[in-house]
Amino acid sequence: EKAKAADELEKARQAEIEARAASLLADEAEQMRAAQANAKRLSDEIKEANDEYLRLKALVAVKEREAKEAKARNRAALERNREADAAAASTEVPKEATKSKPKKKTSAKGAGGEGRLALEGLSVPELKARLKAVGLRVGGRKAELVDRLLDADAE
């Protein structure tokens, strides 16, 4: 009977060991499934990041090409402006030949009674509007517009 009890005890221990082993195997299998799912998720994230990198790389290439084209257009426009300035400079009449009368610097007041400093503080469009209002020519540089207003007031 002792042998039978010892044999049953041994079977119970063996069953317990097998149950623990089965539990450990199940836990390990669950951990393996979780690790595989995590690896799949990470693989998907890496693929998405790589796709985003390639998209951005293509976008950068497009922007660099556009910038290069814009730079070339700007260079061409600058060259056209230089050529136009050179052509205009070669056909310009000297200022002395276009002056009809000497400037009068004696008056410090312009059309409307403002002083030189006040007129110089105005923008070119404002000066042109004042010249137009008194019936004077509106072309020229800002200093010429101011002088013209001062001359008009002096007369």
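Residues numbered from 1 in each chain as written. Predicted model: local features only at pLDDT ≥ 70, side-chain atom pairs only at ≥ 80, totals over all residues. Heavy atoms only, no water.

### Observations regarding the overall build of the chain
Right, on to step 1. When you go through the chain residue by residue, the secondary structure sums to 5 helices and 0 strands.
Right, on to step 2. The linear arrangement of helices and strands in the chain, starting from the amino end, is α-α-α-α-α.
Right, on to step 3. Pairs at least 24 apart in sequence give 45% of the contacts found in the chain among residues at least 6 apart.
Right, on to step 4. Just so you have it, the chain exposes about 12600 Å², and 57% of that area is on carbon and sulfur atoms. (Helix = DSSP H or I, 4+ residues; strand = E, 2+ residues; numbered from the N terminus. Contact = heavy atoms within 4.5 Å. Areas by Shrake-Rupley, 256 points an atom, 1.4 Å probe, with all protein chains shown as cover.)

### What about the nonpolar core?
Right, on to step 1. Judged by nonpolar contacts, Leu119, Leu122, Leu127, Leu131, Leu145, Val146, Leu149 and Leu150 together constitute the single largest core of 8 residues.
Right, on to step 2. Secondary structure elements with two or more residues in this core: α4 (124–133) and α5 (142–154).
Right, on to step 3. Other than its neighbours up to four places away in sequence, Val146 contacts Arg116, Leu119, Glu120 and Leu127. (Core = buried A, V, L, I, M, F, W, Y, C linked by side-chain atoms within 4.5 Å. Buried < 20%, exposed > 50% of the residue type's maximum accessible area, 1.4 Å probe, protein only.)

### Some words on α5
Right, on to step 1. For α5, spanning 13 residues, the distance from its first C-alpha to its last is 19 Å, which sits close to the expected 18 Å at 1.5 Å a residue.
Right, on to step 2. Along its buried surface, α5 packs onto α3 (116–120) and α4. (Expected span 1.5 Å × (residues − 1).)

### Regarding the pattern of salt bridges
Oppositely charged side chains can form a pair if their charged atoms are brought close together.
Right, on to step 1. Tallied over the full model, the rule gives 10 salt bridges.
Right, on to step 2. For Arg33, the salt bridge goes to Glu30, with nearest N and O atoms at 3.0 Å. A residue pair is termed a helical-turn pair when its members lie 3 or 4 positions apart in one helix, as Arg33 and Glu30 do in helix α1 (residues 2–91) at 3 residues.
Right, on to step 3. Between Arg116 and Glu120 there is a salt bridge, with its nearest N and O atoms 3.7 Å apart. Of this pair, Arg116 and Glu120 are both found in helix α3, 4 residues apart, which corresponds to roughly one turn of the helix.
Right, on to step 4. According to the relative accessible area criterion, Glu120 is partly exposed, its value standing at 38%. (Salt bridge = Lys/Arg side-chain N within 4 Å of Asp/Glu carboxyl O.)

### Looking at the packing of α4 against α5
Right, on to step 1. Direction vectors running N to C along α4 and α5 enclose 35°, while the axes themselves pass 10 Å from each other. For the pair α4 and α5, the sense of crossing is left-handed. Only Lys142, Leu145, Val146, Arg148 and Leu149 of α5 make contact with α4, whose side of the interface consists of Val124, Leu127, Lys128, Arg130 and Leu131.
Right, on to step 2. Residue classes in the contact of α4 with α5 are distributed as 6 nonpolar, no polar and 4 charged. (Axes fitted to C-alpha atoms, helices over the stretch in contact; angles between N-to-C directions. Left-handed = near helix turned anticlockwise from the far one by under 90°. Nonpolar A, V, L, I, M, F, W, Y, C, P; charged D, E, K, R; others polar.)

### Quick look at the confidence of the model for the chain
Right, on to step 1. Across the chain, pLDDT averages 85, with 84% of residues at or above 70.
Right, on to step 2. Looking at the elements of the chain, mean pLDDT is at its lowest for helix α2 (residues 95–98), recorded as 52, and at its highest for α4, recorded as 92.
Right, on to step 3. pLDDT under 50 marks residues 103–111. Its contacts with residues more than four places away, or in other chains, come to 25 contacts. (pLDDT = per-residue confidence, 0-100.)

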